[in-house]
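# Analysis of the macromolecular model
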Amino acid sequence: MKSQNAPEQNSTQNKKRGFMVLDSSSGVRENVMQLLSMLSPDLTLEDIESIASTDVSDDDEDFIEIYEPKTCHTSKEKSFAEILNVSSITGQRKTRPIICGHRGSIYKEPENTLAGFLKAIEIGVDAVEFDVFLLKCGTLVVFHGAGGDENPGLLDDNIGIEGSILDYTAEEARKLSFNSNGEEFGCPKDRIDAPSAFIPTLKEVLEVLKGTGVIAKIELKGPGTAEPVLELVESMEMTDQCHYSSFDHSRIARIRELRPERNSDGTYIYRTGALFVDPPYNFISLSLAVGASEVHLRYDTCTKERVDAIHANGMGSLAWWRGPPGMLKDVTEKYLDVGNEDESMYRVAMKTGLEW
């Protein structure tokens, strides 16, 4: 399970755990009314107007309680448990999933940085996941960027300029300053401006991880990455510590073509993961066709049935979480029975039987 290491709640939120709150000074009466009508359909218009117009005293610590997810009227479309089809499952699993730091520790340090990976190791993760590009100088760097998986590596959000990471050499990329106003950064702004906030090479990241026992889940994000990544991993004698994944399944198919060796139990020595956003009906056969060791699904598509099917076909399962803006949008608009990567969200996902 890819963990984002979600931010700690402030003191007010800790006392009101599970409540959505709005600042009373923000002039959002209309938004309050809209939220109340959406989240509490049993309220009359008179009730809604009365609550939305309520004055908040100093004793109320400048916040208004809007709803309590655990007790609000939640439709199936707005229930994370219903989406994953685990609402009827009771009890707790006996073993925890394997914990993977998504792009490091993105709520503590900038994503895909050495500082972020060191923080994830300090927290005690089992693995870290990160994205790799091959630059025009022939150097592999660790970076995510904007543009989605059809045009990854754009600099407009993380760096705040036009262009792509592929336009740069590693030396030039090292000099790029992170954009402290970038929406994808979930960490404190002072960490974005810190000297440790820079784009590292893959070799530097692997040097940090080597010997720690922390698995490197390497996403082959950019074109032409499969072979040079494999060569670097092997040259550093880290085959057992590195796994490979991609949304472009031709890249993990290339890894499997080059390294088809299996262990005595039939599992592949070189582990690969087939990534999906919205898995098609035949996602199992697509994964098997490229020799995937694992299937990596977006967290809200990991239904119990899909996870069971993955395991029944001899593959491992992993849930990947969205970046900070996407997660905030999801728990605000779609899944009202859980918080933003809080314990309740993780417990629901764990009920599916996910391995990672």
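Here the structure is shown first, and the text comes after it.
Structure report, in brief. (Residues numbered from 1 in each chain as written. Predicted model: local features only at pLDDT ≥ 70, side-chain atom pairs only at ≥ 80, totals over all residues. Heavy atoms only, no water.)

## Some words on the overall build of the protein
Worth spelling out the cut-off: Strands are runs of DSSP state E lasting at least two residues, helices are runs of H or I lasting at least four, and both sets are numbered from the N terminus onward. Residue burial is assigned from relative accessible area. The probe radius is 1.4 Å, only protein chains are included, and a residue is buried under 20% of its type maximum, exposed over 50%, and partly exposed in between. Note on contacts: a residue pair is in contact if any heavy atoms of the two residues lie within 4.5 Å. All accessibility values rest on the Shrake-Rupley procedure with a 1.4 Å probe; residue burial counts only the protein chains present in the view.
Counting its secondary structure elements, the protein contains 14 helices and 11 strands. Here the protein, with 356 residues, has 49% of them falling under the buried criterion. Across the protein, the fraction of contacts at a sequence separation of at least 24, relative to all contacts at a separation of at least 6, is 66%. With an accessible surface of roughly 16700 Å², the protein has 48% of that area assigned to carbon and sulfur atoms.

## Let's talk about the pairing of strand 9 (residues 272-276)
Selection criterion: DSSP bridges decide pairing: two strands pair if at least two such bridges lie between them. The crossover handedness rule: strands pointing away from the viewer, path from first strand over the helix to second strand clockwise, crossover right-handed.
The buried fraction of strand 9 is high, at five of five residues. Of the two faces of strand 9, the one carrying Thr-272, Ala-274 and Phe-276 and the one carrying Gly-273 and Leu-275 are both buried. Sheet analysis places strand 8 (residues 242-246) next to strand 9, joined by three bridges and oriented parallel. Residue Ser-245 lies in a different strand from strand 9, and its bridge partner there is Gly-273. Each parallel crossover has a hand, and the one from strand 8 via helix 10 (residues 249-258) to strand 9 is right-handed. When strand 9 meets strand 10 (residues 294-298), the two strands line up parallel, connected through four bridges. Looking at strand 10, one finds that Leu-275 is bridged to His-296. With helix 11 (residues 283-289) bridging strand 9 and its parallel neighbour strand 10, the resulting β-α-β unit is right-handed.

## Topic: the packing of helix 9 (residues 226-235) against helix 10
Which entries qualify depends on this criterion: Note on geometry: axes are C-alpha line fits, over the in-contact stretch for helices, and angles between N-to-C directions span 0 to 180 degrees. Any angle from 65 to 115 degrees is called roughly perpendicular, while one under 35 is roughly parallel, one over 145 is roughly antiparallel, and all others are oblique. Rotating anticlockwise by less than a right angle from the far helix to the near helix defines a left-handed crossing, while the corresponding clockwise rotation defines a right-handed one. Under the scheme applied here, ten amino acids are nonpolar (Ala, Val, Leu, Ile, Met, Phe, Trp, Tyr, Cys and Pro), four are charged (Asp, Glu, Lys and Arg), and all others, including Gly, are polar.
Between helix 9 and helix 10, the shortest axis-to-axis distance is 9 Å and the interhelical angle comes to 50°. With respect to helix 10, the axis of helix 9 lies oblique. Handedness of the helix 9/helix 10 crossing: right-handed. Seen from helix 9, the contacting residues are Ala-226, Glu-227 and Leu-230; seen from helix 10, they are Arg-251, Arg-254, Ile-255 and Leu-258. Residues that form the contact of helix 9 with helix 10 fall into these classes: four nonpolar, no polar and three charged.

## Digging into helix 5 (residues 114-123)
Buried within helix 5 we find Leu-114, Ala-115, Gly-116, Phe-117 and Ala-120. Taken from the residues just after helix 5, Gly-124 is the one with a positive phi, measuring 110°.

## Digging into the side chain of Thr-113
By the element assignment, Thr-113 lies in the loop between strand 4 (100-102) and helix 5. Under the relative-accessibility criterion, Thr-113 is labelled buried at 0%. Here Thr-113 is in contact with Phe-178, Ser-196, Phe-198 and Pro-200, once residues within four sequence places are set aside.

## Considering the pairing of strand 5 (residues 127-134)
Within strand 5, seven of the eight residues are buried, which leaves the element mostly enclosed by the surrounding structure. When strand 4 meets strand 5, the two strands line up parallel, connected through three bridges. Within strand 5, the residue paired with His-102 across the bridge is Glu-129. The parallel pair strand 4 and strand 5, bridged by helix 5, forms a crossover whose chirality is right-handed. The sheet contact formed by strand 5 and strand 7 (residues 215-220) spans six bridges and is parallel. What sits directly across from Glu-129, in strand 7, is Lys-217. Relative to strand 6 (residues 140-142), strand 5 runs antiparallel, the two being bridged by three bridges.

## Digging into the pattern of salt bridges
Let me state the cut-off plainly: Any carboxyl oxygen of Asp or Glu that lies within 4 Å of a side-chain nitrogen of Lys or Arg is treated as forming a salt bridge with it.
In the structure shown here, the tally under the stated rule is 22 salt bridges. A salt bridge links Lys-221 to Glu-219, with the shortest nitrogen-to-oxygen separation between them at 2.8 Å. Under the relative-accessibility criterion, Lys-221 is labelled buried at 8%. Here Glu-227 makes a salt bridge to Arg-254, at a shortest N to O gap of 2.8 Å. In this pair, Glu-227 sits in helix 9 while Arg-254 sits in helix 10, placing the two residues 27 residues apart along the sequence.

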